[in-house]
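Coordinate inspection notes
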Amino acid sequence: MDFTKAGVPTTGVQQVTTAVIVGTVSTAGNATVTVTGAGITGSPVAVSVALALNDTTTQSAAKMAAALNLNAAIAAMYTASSNAANLLLTAVKCAANDATLNIAYTNDTCAGLTPDATSDATTAGVRGDFRGAAHLAYALNTTANAIYQNTGTGACPVWTEV
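Okay, so let's go over this structure.

Quick notes on the rules
Residues numbered from 1 in each chain as written. Predicted model: local features only at pLDDT ≥ 70, side-chain atom pairs only at ≥ 80, totals over all residues. Heavy atoms only, no water. Pairing = 2+ DSSP bridges. Helix = DSSP H or I, 4+ residues; strand = E, 2+ residues; numbered from the N terminus. Axes fitted to C-alpha atoms, helices over the stretch in contact; angles between N-to-C directions. Buried < 20%, exposed > 50% of the residue type's maximum accessible area, 1.4 Å probe, protein only. Disulfide = S-S within 2.5 Å.

Considering the sheet that holds strand β9 (residues 138–141)
If you trace the 4 strands from one edge of the open sheet to the other, you get β1-β9-β10-β11, paired in mixed fashion. Two strands in the sheet have a free side with no partner beyond their single neighbour: β1 (3–5) and β11 (159–161). Averaged over all adjacent pairs, the angle separating strand axes in this sheet is 30°, with direction ignored. In this structure, β9 lies alongside strand β10 (residues 146–150), joined through 4 bridges in antiparallel fashion.

And the structure:
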């Protein structure tokens, strides 16, 4: 056995926060997306995003996600993605929930977006037991003599009874 615990090992959960982008771009230019989080170096981090005339909410969210992924401080902690008008940040590692995590956006030199200063906490983060355990590593519940296997990753273990 690689790891032991008196009880079932806790599965990790990656934190997710979501900003819903509202408005079609009526004047081309830049929007500013500001990401705040406890583990982000230099937080809050403002990122400028070029938007084109008539960009829809889906197009704007995709461009914002791409720009956030290019920022080293943000990308060290989170992966940005988009789904329709939703701009999402997903933690790279399972960790305790960061209540300060937030995505805000506003028009800078562009026009047409409806600025929003707060995002929605979509999924709370959970560190999980034995983070760093290799994929397919084993853990033993010493209370029930049950064996669990990490079917997740080292960054976010998912413990499944075998």
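Side note on unusual backbone geometry
Note the cis peptide between S43 and P44, where omega equals 0°. Within the secondary structure, P44 sits in the loop between β3 (29–36) and β4 (45–51). In this structure, N54 takes a positive phi of about 70° despite not being glycine. Tracing the backbone shows N54 in the loop between β4 and α1 (57–69). For A84, which is not glycine, the phi torsion reads 55° and is therefore positive. Within the secondary structure layout, A84 lies in the loop between β5 (78–83) and β6 (86–91). A relative accessible area of 43% places A84 in the partly exposed class.

Description of the state of the cysteines
The full count for this structure, using the stated rule, is 1 disulfide. The disulfide that involves C94 links it to C156, with 1.7 Å between the sulfurs. Taking the sign of the S-S torsion, -55° for the link of C94 and C156, the bridge is left-handed. Here C94, found in the loop between β6 and β7 (102–107), pairs with C156, found in the loop between β10 and β11; they are 62 residues apart in sequence, far enough to count as distant. The pair C94 / C156 is uniform in exposure class, with both members buried.

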